[in-house]
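Survey of secondary and tertiary structure
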Amino acid sequence: MYLDNDAFLSALNKLYQVTSKKGTVWVTMKKYVDSDSNFSRKKADRIKESEEEENKCLVRATNGKKKISTIVLSKDKSMFEKNYKNVLLINLDNLKVEKKKPTPTTTPSSSTAKTAAKKTKV
């Protein structure tokens, strides 16, 4: 479902809240190229037109059941990034903390004992 930028961010916030206990939300961003382009034209003509167009970013989000998307223009990019950051900061407090595995540390006495044992074998 295509939404404007503000509606997308509020829908994304709801999507994160729905999946806060269990579930995943995937968000993808990529450069948007108008699909109205006629690909039978020469490649050089398409490159000229793409250079003249304003850069756009397609942002999609899904939880596997509901899909939402928006197109962010380059002039709205900074405002969208600030609002997107705020949505992430609010909703990413449910991340699981991975327990670090203790790394085996070598004591100085054991390493010197190994080198002494190697010297005696020679």
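Refer to the preceding data block for the structure.
Residues numbered from 1 in each chain as written. Predicted model: local features only at pLDDT ≥ 70, side-chain atom pairs only at ≥ 80, totals over all residues. Heavy atoms only, no water.

1. Points about the sheet that holds strand 3 (residues 67-73)
Our working definition: For two strands to be treated as a pair, DSSP must find at least two bridges joining them. Secondary structure elements follow DSSP: runs of H or I no shorter than four residues count as helices, runs of E no shorter than two count as strands, and numbering proceeds from the N terminus. Here the axes come from fitting lines to C-alpha atoms, over the contacting stretch only for helices, and the angles between their N-to-C directions go from 0 to 180 degrees. The contact criterion used is simple: two residues touch if any of their non-hydrogen atoms lie within 4.5 Å.
Taken together, three strands build an open sheet; the order of strands is 1-2-3 and the sheet is antiparallel. Here the strands that pair on one side only, and so sit at the sheet edges, are strand 1 (26-31) and strand 3. Taking each pair of neighbouring strands and ignoring which way they run, the sheet shows an average axis angle of 15°. Running at roughly 145° to strand 3, helix 1 (residues 5-18) makes contact with strand 1, strand 2 (56-62) and strand 3 of the sheet. Its contacts with the sheet place helix 3 (residues 77-91) against strand 1, strand 2 and strand 3, and it is angled at close to 140° to strand 3.

2. What about the packing of aromatic side chains?
Defined as follows: When two rings of Phe, Tyr or Trp (its six-membered ring) have centres within 6.5 Å they constitute a pair, described as stacked for plane angles under 30 degrees, edge-to-face for angles over 60, and tilted for the intermediate range. Using a 1.4 Å probe on the protein chains alone, a residue whose accessible area is under 20% of its type maximum counts as buried, one over 50% counts as exposed, and one in between counts as partly exposed.
As enumerated under the stated definition, the model contains two aromatic pairs in all. Consider the rings of Phe8 and Phe80, whose centres lie 6.2 Å apart with planes at 35°: the pair is tilted. With Phe8 in helix 1 and Phe80 in helix 3, the pair connects residues that are 72 residues apart, well separated along the chain. Judged by relative accessible area, which is 0%, Phe8 ranks as buried. Given a relative accessible area of 6%, Phe80 falls into the buried group. Through successive ring pairs, a cluster of aromatic residues spans Phe8, Phe80 and Tyr84.

3. Observations concerning the pairing of strand 3
Moving residue by residue along a regular strand, the side chains alternate between the two faces of the sheet. With respect to burial, strand 3 is a largely interior element, five of its seven residues being buried. Bridge count between strand 2 and strand 3: seven bridges; the pairing is antiparallel. Each residue of the ladder has a partner; that of Ala61, found in strand 3, is Ile68. Counting the residues in the hairpin turn of strand 2 and strand 3 gives four residues, including Gly64, whose phi is positive at 100°.

4. Comments concerning the layout of surface pockets
Inclusion rule: Within this scheme a cavity is a closed region of a 1 Å grid, computed over the protein atoms alone, that accommodates a 1.4 Å probe without allowing it to escape, whereas a pocket is open but has protein on both sides within 12 Å along at least five of seven lines; lining residues each have an atom within 4 Å of a point. Grid points are joined across faces, edges and corners, and a volume is the space filled by probe spheres set on the points. Think of it as three bins: nonpolar holds Ala, Val, Leu, Ile, Met, Phe, Trp, Tyr, Cys and Pro, charged holds Asp, Glu, Lys and Arg, and polar takes everything else, Gly as well.
In this model, the second largest pocket occupies a volume close to 190 Å³. Around the second largest pocket sit 13 residues that line it, and Met29, Cys57, Val72, Lys77 and Glu81 are the ones nearest its centre. Among the elements of the structure, strand 1, strand 2, strand 3 and helix 3 are those that each provide at least two residues to the lining of the second largest pocket. The element that contributes the greatest number of residues to the lining of the second largest pocket is helix 3, accounting for four residues. Residues of the lining of the second largest pocket, tallied by class, amount to seven nonpolar, two polar and four charged.

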